[in-house]
Each structure stands twice: as C-alpha cells, then as structure tokens.
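Architecture and fold: a report
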Amino acid sequence: MESTDYNDPAMMGGSSIPVRVNRKSKPEPTFVKVNEILVGSSEVVIIAGPCSVENREQLMETAKAVKSAGGVILRGGAFKPRSSPYNFQGLGEEGLKLLMEARKETGLPIVTEVMDTRLVELVAGYADILQIGSRNMQNYPLLKEVGMLRKPVLLKRGMMASIEEFLLAAEYILNQGNDQVILCERGIRTFEPSTRNTLDLSAVPMLKHLTHLPVIVDPSHGTGHRWMVPSMAKAAVAAGADGLIMEVHYKPEEALCDGQQSLSPDEFTRLMADLKKIAQAVGRELCQYEIA
Ligand code: PEP
Ligand code: MN
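Summarised in this report is the structure supplied together with it. It should be emphasised that the depicted structure is a prediction, and the values quoted were computed from it without experimental measurement.

Glancing now at the pairing of strand E8 (residues 181-185). For E8, the tally of buried residues reaches five of five residues, placing the bulk of the element in the interior. By the alternation rule, side chains of E8 split into Val181, Leu183 and Glu185 and Ile182 and Cys184, which are all buried. By the bridge criterion, four bridges tie strand E7 (residues 153-156) to E8 in an arrangement that is parallel. Bridge pairing links Leu155 to Leu183 in E8. What joins E7 to E8 is helix H5 (residues 163-175), and the crossover it makes is right-handed. Across three bridges, E8 lies against strand E9 (residues 215-217) in parallel orientation. Looking at E9, one finds that Leu183 is bridged to Val215.

Structure follows, in structure tokens:
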C-alpha cells in the first residue's frame, strides 16, 4: 500500500506496513474475541498466571488468586522455550490438561504457547488463545499454521524485531485468513544490562497508529524484575495498551521459571487496584468479565 503522507512514520526509513494489518486498509479497530472478552475495545484486558505450569497445586492456587484479583484470562506455559536445554522445559500435554482443569475451576480462558508446527493441533485443542513466543516471531511455517486456525493468536514481538518486522509477522497470520491476532510488546534487546530487556513502550502508540490490531504489553519479560512490573504495567495502560500479560506465582520464590519477575498474589492484587485508576484516568475501564 502506497502512502503519500510524508509525516507518516510508515514512510520513514523505507519501512512499509503490509496491507492486511495496515490501519489504512481497515481504520476501525479489530476486536479479538475470547469468549465474552473483546481485546482491543475500550476495556483493558488483564492476563496473568505463572510463567510455566509446574503442578496442580501451583496452577490452581495461582489461577484462583488471579481470578480473585480481577484477572480475566489465565496464562501458563506447558511447552517452554528455555534458553538452556538443561532447564525445566514444561510439562507438555500434562500441563495443557492442568490448564483445562484450571479453566473449569475458575472459568478463566487460557493462553498458552505453541512452539512447533507439529503441535499446533494439539495445543489448539486445549487453548483459548495460542501464544507465539518472542523466539518464534519469525518462524514463518508456524505463523502460517496458526493463521489457518480460527482461534485467537497472541503474537509476541521478537526480541530483535523492528516494528515493521513485527507487523510483517502478523501479516503472515492474517494472510491465511485469521485476523484474530493480539500484538504483544515484551521488550527488546539493547545495550542495557540492568533490565532483562528494554521495554519499548513507544511501540504501543506506534503500533496503534500503524495497525488496527490490539496491542498489549508484557512488563514481566520486559523488565525481568518483580519490583519494576507495577510501574511499567501502569505506564503501559497510560500509553494506551489494550491489555497486559503478567507473570504471577503463588510462591514466586519457589517458581521453576522466572520467579524473579513474577508477582505474588498480594502484589498483583495491589497492582490491579492501581490499574483500575490509571485506566479510568485515560477514559477506559478494566475488563471485568463475569464468568457465567
Ligand atoms: C512467556 O511469555 O512465557 C515467554 C517465554 O515470553 P517471550 O516469548 O516473550 O520470551
Ligand atoms: Mn516467563
């Protein structure tokens, strides 16, 4: 799609925004529908849960805490993309089954990662939203495979990906006929070692400007520090994010994965009260999906 607006960032640096994700070809926002929840509407959607599913008690206790604090979607990895092959890789299908139990118990829809084209069908059989992780943002066969589903996809920004590359990755999914894509800013690699990643909050207004797809933020992977998560979560909502995905663990100090960036149930509950105020200050509300 050609633009003649030379103030348009899509024209800068020679970048071009592909047609299907481009706001110019669809000015109205796309709502990603997860049961009764509309991601991308005026309501800010809070997704929370453990980095990985570890066992029944950990998942159930964490899921109940997420629900009682007002979270509306439960996250939890069953297949984990760990940097080291010697670290906990997730429970696999057993983890998916536990996620189903947690959904039954709490009514919260589930988002979980799929890493492998061979497992898309399996994971889609359990999950309400399929997550494509940062490390797989440019796994084009995987993007095409989830594009063939008629199920929401949560696409995380690659840790080295430009906005243009991120949108091109989303375009792969839309190009297969699936427009139910949520974009997630989760921090990019920079020269700064004090945080795990550099959370690019400027990506929120930029993406909202360039595309009709909903944009959420992950302040957990974006900072790597539990104590920083509330500040960046609030800043993300103030910047116009349509939702947040955060790591919460019933006992963060015992977590098998990412405990250092996971909020305790108390911390999450306090944060939710603040987020409600921030959302209202920017003319929005927190999504309060009441499960039938
Ligand atoms: C995750 O959300 O558990 C995860 C692994 O995130 P990312 O792909 O952003 O590193
Ligand atoms: Mn994690």
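Okay, the side chain of Asn22 next. Note that Asn22 resides in the segment before strand E1 (32-34). Judged by its relative accessible area of 7%, Asn22 falls in the buried class. Among the polar contacts listed, one links the side chain of Asn22 to the backbone nitrogen of Lys24, at a separation of 2.8 Å.

How each quantity is defined
Residues numbered from 1 in each chain as written. Chains lettered and ligands numbered in written order. Predicted model: local features only at pLDDT ≥ 70, side-chain atom pairs only at ≥ 80, totals over all residues. Heavy atoms only, no water. Buried < 20%, exposed > 50% of the residue type's maximum accessible area, 1.4 Å probe, protein only. Helix = DSSP H or I, 4+ residues; strand = E, 2+ residues; numbered from the N terminus. Pairing = 2+ DSSP bridges. Right-handed = clockwise from strand over helix to strand, strands pointing away. Polar contact = N/O pair within 3.5 Å; in protein donor to acceptor, adjacent residues only side chain to side chain.

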